[in-house]
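# Report on the structure
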Amino acid sequence: MRISVVTPSFNMAPYLEDTITSVLANLGDGDEYFIIDGGSTDGSVDIIRRYEDRITGWVSERDRGYADAIAKGFDRATGDILCWINAGDLYLSGAFDAARDQLTDDIDLIFGDDFYIGEDSRVLSHSRGWVPNLRMATLFGSWSPLQDACFWRRSLYERIEGIDRSLEYAADYDLFLRMALVGRSSYVPVTFSAFRRHTGQKSISGMAAYKLERRTVRSREMAL
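Within each chain, residues carry numbers counting from 1 in the order of the written sequence. Given that this is a predicted model, residues contribute local features only at a pLDDT of at least 70 and side-chain atom pairs are listed and counted only at 80 or more, while totals for whole chains, interfaces and linings are drawn from all residues. With hydrogens and water stripped out, all remaining heavy atoms of the structure feed into the side-chain values.

### Description of the packing of aromatic side chains
Each aromatic ring pair is characterised by the separation of its centres together with the angle its planes make. Ring geometry is summarised as follows: Phe, Tyr and Trp rings, the Trp one being its six-membered ring, pair when their centres sit within 6.5 Å, and such pairs are stacked at plane angles under 30 degrees, edge-to-face over 60 and tilted between the two. All told, the structure shown has 12 aromatic pairs when counted by the stated rule. A network of ring pairs unites the aromatic residues F74, W84, W152, Y157 and F176 as a single cluster.

### Remarks on the pairing of strand β8 (residues 150-153)
A regular strand places its side chains on the two faces of the sheet in alternate fashion. Whether a residue is buried, partly exposed or exposed follows from its accessible area with a 1.4 Å probe, protein chains only, as a fraction of its type maximum: under 20%, in between, or over 50%, in that order. Put simply, DSSP H or I for four residues or longer makes a helix, DSSP E for two residues or longer makes a strand, and each gets a number counted from the N terminus. Covered by surrounding structure in β8 are C150 and W152 together with F151 and R153, the residues of both alternating faces. Here the rule is simple: two strands pair whenever DSSP picks up at least two bridges between them. Note: strand β4 (residues 81-84) against β8, 2 bridges, orientation antiparallel. Bridge pairing links L82 to W152 in β8. Judged from the 3 bridges that link them, strand β6 (residues 109-117) and β8 form a sheet pairing that is antiparallel. Bridging from a neighbouring strand, F111 pairs with C150 of β8.

### What to know about the nonpolar core
By size, the foremost hydrophobic cluster in this structure holds 36 residues, and its most contacted members are F74, W84, L109, W152, I163, L175 and M179. The greatest single-element share of this core, amounting to 7 residues, is contributed by helix α7 (residues 171-182). Throughout this description, the term nonpolar core refers to a set of buried Ala, Val, Leu, Ile, Met, Phe, Trp, Tyr and Cys residues connected via side-chain atoms within 4.5 Å. Core analysis: the next-biggest nonpolar cluster, separate from the first, contains 32 residues, I3, V5, I48 and A99 among them.

### Concerning the side chain of D31
Its place among the elements puts D31 in the loop between α1 (13-24) and β2 (32-37). Apart from residues lying up to four places away in sequence, D31 is in contact with M1, R2, I3, N26, T56, F96 and R100. Contacts are assigned to residue pairs with any non-hydrogen atoms lying within 4.5 Å of each other.

### Some remarks on helix α3 (residues 66-76)
The periodicity of an α-helix, 3.6 residues per turn, causes residues three or four places apart in sequence to face the same way. For α3, the tally of buried residues reaches 8 of 11 residues, placing the bulk of the element in the interior. Those residues of α3 lying buried are A67, D68, A69, I70, A71, K72, G73 and F74. As for α3, its buried residues are in contact with β1 (3-9), β2, β4, β8, α6 (154-159) and α7.

### Re unusual backbone geometry
Positive phi, normally seen in glycine, also occurs at S142, with a value near 55°. Its place among the elements puts S142 in the loop between α5 (134-141) and β8.

### Digging into the pattern of salt bridges
Opposite charge on two side chains allows them to pair when their charged atoms are near. Here a salt bridge means any side-chain nitrogen of Lys or Arg lying within 4 Å of a carboxyl oxygen belonging to Asp or Glu. Counted according to the given criterion, the structure contains 15 salt bridges. We note a salt bridge from R196 to D18, for which the minimum N-O separation is 3.7 Å. Of the two residues, R196 sits in strand β9 (residues 185-196) while D18 sits in helix α1, which places them 178 residues apart along the sequence. When the shortest N-O distance is used, the salt bridge between D174 and R220 registers 2.6 Å. Of this pair, D174 sits in helix α7 while R220 sits in helix α9 (residues 207-223), and the two are 46 residues apart along the sequence. Classification of R220 by relative accessible area gives partly exposed; the value is 32%. Bridged by salt links that share partners, the residues R64, D68, D75 and R165 form one connected network.

Set out below in structure tokens:
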């Protein structure tokens, strides 16, 4: 099974190279890697160009936010399995091989564990992504799996018509909610990645807006 990876990025030059090299170290034959940059002005493009001979495709242009950037990447993807890693975060060695092994024929989406790292890449803690039922946890608990430790079939992504580009903060929650509601999901006890906490992180600065969007999309599904 071929894996297609997308990295959305905007002005993340201090961490971007670490993300790129972690992806490239995991790519196998036929895998794809797309970097969708939002028109960075901090030297990110120079970093991307250093690796462009090993990247399937990249763009640097203004977009409508991270969901739009992710959608642009997945629109280009032809792999059987999809995932995305934000600039700054890392895939651990062997992550893609483990994902291929764990995503069996009877499963559409797997979710696992990650490390929590600081700006200096030191490990701060380990996050276990387990819940007994992803569908119930997302719908009734407003819970979202560890995005950087998730892999899913492109057929599932297409079935739900992809990520919602109109959402500015909670597009990840919305995507996993809709996939969990229609797909067959399974937790796997594998640490796939490392999530980096850094200054200016949108998940911190936009927490109130994220919660509002999350309530809106959850209410939509509850009403169906």
